[in-house]
Amino acid sequence: PYTFTFDGDRVAARVDCNSCNGRFTVVGDTLTIAGGLACTRALCPTSAFEAPLLRVAAGASTVRVSGDTMTLTSDRGLIRLTR
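Nothing here was measured: the structure is a model prediction, and the numbers come from that model. (Residues numbered from 1 in each chain as written. Predicted model: local features only at pLDDT ≥ 70, side-chain atom pairs only at ≥ 80, totals over all residues. Heavy atoms only, no water.)

Caption draft 1: Quick peek at the side chain of Thr 71. Within the fold, Thr 71 resides in strand β7 (residues 69-74). In this structure, Thr 71 is in contact with Thr 62, Val 63, Arg 64, Leu 78, Ile 79 and Arg 80, ignoring residues within four places of it in sequence. (Helix = DSSP H or I, 4+ residues; strand = E, 2+ residues; numbered from the N terminus. Contact = heavy atoms within 4.5 Å.)

What follows is the structure, encoded as structure tokens:
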């Protein structure tokens, strides 16, 4: 499972068997995870999916919330999170 939790200015993520955390800001419709996420480095069975996901999550993304879905979009890709 992949999960993201936003609380205050902190973001925590569970990316397969690794845990990640970092800081984020929101200005207008731009969410920025500055410096990317710091993650544990366990070798997970689906580790091939982790690097692309973390690359998309790092940096600035346009954020859109519609109902229970939050979408982060940038030139690096798209992440769709559902509550």
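Picking up where we left off.
Caption draft 2: Seen up close, unusual backbone geometry. One non-glycine residue, Asp 16, adopts positive backbone phi at about 60 degrees. Residue position: Asp 16 is located in the loop between β2 (10-15) and β3 (18-27).

Caption draft 3: Quick look at helix α1 (residues 47-57). Along α1, the residues classified as buried are Glu 50, Leu 53, Val 56 and Ala 57. In a view along the axis of α1, the buried residues occupy a sector of 135 degrees, so they form one face of it. Facing away from the buried side of α1 by more than 90 degrees, the exposed set consists of Ala 48 and Arg 55. With its phi angle positive at about 85 degrees, Gly 59 sits one or two positions after the end of α1. (Buried < 20%, exposed > 50% of the residue type's maximum accessible area, 1.4 Å probe, protein only. Arc of directions from axis to C-beta.)

Caption draft 4: How the structure looks around the packing of aromatic side chains. Counted under the stated rule, the structure contains two aromatic pairs. With a centroid separation of 6.5 Å and an interplanar angle of 15 degrees, the aromatic rings of Phe 4 and Phe 6 are classed as stacked. Measuring from ring centre to ring centre gives 5.0 Å for Phe 6 and Phe 24, while their planes differ by 85 degrees; the resulting arrangement is edge-to-face. Note that Phe 6 is positioned in strand β1 (residues 2-7) and Phe 24 in strand β3, a separation of 18 residues in sequence. Taken together, Phe 4, Phe 6 and Phe 24 form an aromatic cluster joined through their ring pairs. (Phe/Tyr/Trp six-rings, centres within 6.5 Å; stacked < 30°, edge-to-face > 60°.)

Caption draft 5: Representation of the state of the cysteines. Inspection of every chain in the model, using the stated rule, returns two disulfides. Paired through a disulfide, Cys 20 and Cys 39 show a sulfur-sulfur distance of 2.1 Å. In this structure, the disulfide formed by Cys 20 and Cys 39 twists by about 110 degrees around the S-S bond and is classed as right-handed. Of this pair, Cys 20 sits in strand β3 while Cys 39 sits in strand β5 (residues 38-39); the two residues are 19 residues apart in sequence, bridging distant segments of the chain. (Disulfide = S-S within 2.5 Å.)

Caption draft 6: Examining the pairing of strand β6 (residues 59-66) more closely. In terms of strand pairing, strand β4 (residues 30-33) meets β6 through four bridges, oriented antiparallel. Looking at β6, one finds that Thr 30 is bridged to Thr 62. Note that β6 and β7 share five bridges and pair antiparallel. Pairing of Val 63 across the sheet is with Leu 72, part of β7. With antiparallel pairing between neighbouring strands as the criterion, β6 and β7 make up a hairpin whose turn holds two residues, including Gly 67 at a positive phi of roughly 60 degrees. (Pairing = 2+ DSSP bridges.)

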